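Survey of secondary and tertiary structure
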Amino acid sequence: MRALLFHNPTTSRAADKDDILAAMKLADFDVRYVSVKNDHIKQAFEKRADLIVIAGGDGTITEVLTKLPDRSVPIALLPLGTANNIARSLGIAGTPQELVETWKIDKTHALDVGVVKASWGTNRFLEGFGVGLFAEFLKAVNKREKVKGADNLRKGRALLEKTVKSAKPVELSIIVDGKSLNGKFLGVEVMNVPFTGPALPLARKAHVADGLLDIVCFDAARRRDLEKWLDAPHDEVAPVTTRQGKTIELTWADTANRLDDETYGNRDSKQIAEVACEKDQLRVVISVKHPAQKAIAK
């Protein structure tokens, strides 16, 4: 079986290229290797493959899949980042050696692809698009020294808590399927998957393939509740206002916005963005449990 492997050798849990190739060879894959740091992603798609494999974090997965020309080809994920929000939202976790043996390309789950249309153009995303709080948080993340693994998650949540404390409320106009949700918020996130940021379950009810987006609003009046929640985000539902919708229109000014893990300015002018899911979905391979593991699952 022909597999096209996209690998980021500089991720926080960097896996050795040779180890990944050896694991895939053991599973009887004929692999063509592509480094996302050195090779051209679009050119790599010119040769046919039975399976697209991505070894990296959320940024690498998004970079590859938003450029994928044929969404009928199944995709397998080897999560090597810190948060791994996309893989986490699909229940995918483990080392490359553990995961490769669980792949069956006919066992897939659909994954929506989000799209943002605004004055700057049209962009796709997998995780989310947001205005305010998380965009400011990502700006702060980019300024600090990178650390690895669980320590990075812990420090990321601590940095987000600081951002929450200093965040200024933003006047936001939000229209969800024709219904208005306006007010002053610390920020708003339009999410395609349940997890975002430093592995935070902000949209617990989000489904990765229902064609709907989850709108998460950070109410300025609940700032302290949000700070407290960040200490143990898996214990309780986040103190936020949420909605679901097919088409979301956001209007804002004088604050940053973010697309997945990239942050942008747009501080000096009014911005309007329309957000939705594209019709064509991705097909992500879901791990198949061995019979010896099913008793534990029960």
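Structural data are supplied above this passage.
Attention here is on the structure that accompanies the text. (Residues numbered from 1 in each chain as written. Predicted model: local features only at pLDDT ≥ 70, side-chain atom pairs only at ≥ 80, totals over all residues. Heavy atoms only, no water.)

So, on to the overall build of the protein chain. Within the protein chain, the regular secondary structure consists of 9 helices and 20 strands. Relative to a compact globule of 298 residues, whose C-alpha radius of gyration would be 19 Å, the protein chain shows 19 Å and is just as compact. Viewed in the frame of its principal axes, the protein chain has a C-alpha envelope of about 55 × 40 × 35 Å. When the 298 residues of the protein chain are sorted by exposure, 51% land in the buried category. In the protein chain, 73% of the contacts between residues at least 6 apart in sequence involve partners at least 24 apart. The protein chain carries 45 positive and 40 negative side-chain charges, and their two centres are separated by 2 Å. (Helix = DSSP H or I, 4+ residues; strand = E, 2+ residues; numbered from the N terminus. Rg over C-alpha atoms; globule rule 2.2 N^0.38 Å. Buried < 20%, exposed > 50% of the residue type's maximum accessible area, 1.4 Å probe, protein only. Contact = heavy atoms within 4.5 Å. Lys, Arg positive; Asp, Glu negative; His and termini not counted. Charge placed at Lys NZ, Arg CZ, Asp CG, Glu CD.)

This part takes up the nonpolar core. In this structure, Phe-6, Met-24, Ile-52, Val-53, Leu-77 and Trp-103 are the most contacted members of the largest nonpolar core, which totals 45 residues. Counting residues per element, this core draws most heavily on strand S3 (residues 51–56), which supplies 5 residues. Among the nonpolar cores identified, the runner-up in size contains 23 residues, and Phe-125, Val-176, Cys-217 and Leu-250 belong to it. (Core = buried A, V, L, I, M, F, W, Y, C linked by side-chain atoms within 4.5 Å.)

Throughout the structure, instances matching the rule amount to 7 salt bridges. Of the charged contacts, one joins Glu-136 and Lys-139 as a salt bridge, the two residues approaching to 3.5 Å between their closest N and O atoms. Linking Glu-136 with Lys-139, this pair stays in helix H6 (residues 133–143), spanning 3 residues, or about one helical turn. Look at Glu-136 and you get partly exposed, because its relative accessible area is 23%. Among the charged side chains, a network of salt bridges with common partners joins Arg-71, Arg-124 and Glu-278. (Salt bridge = Lys/Arg side-chain N within 4 Å of Asp/Glu carboxyl O.)

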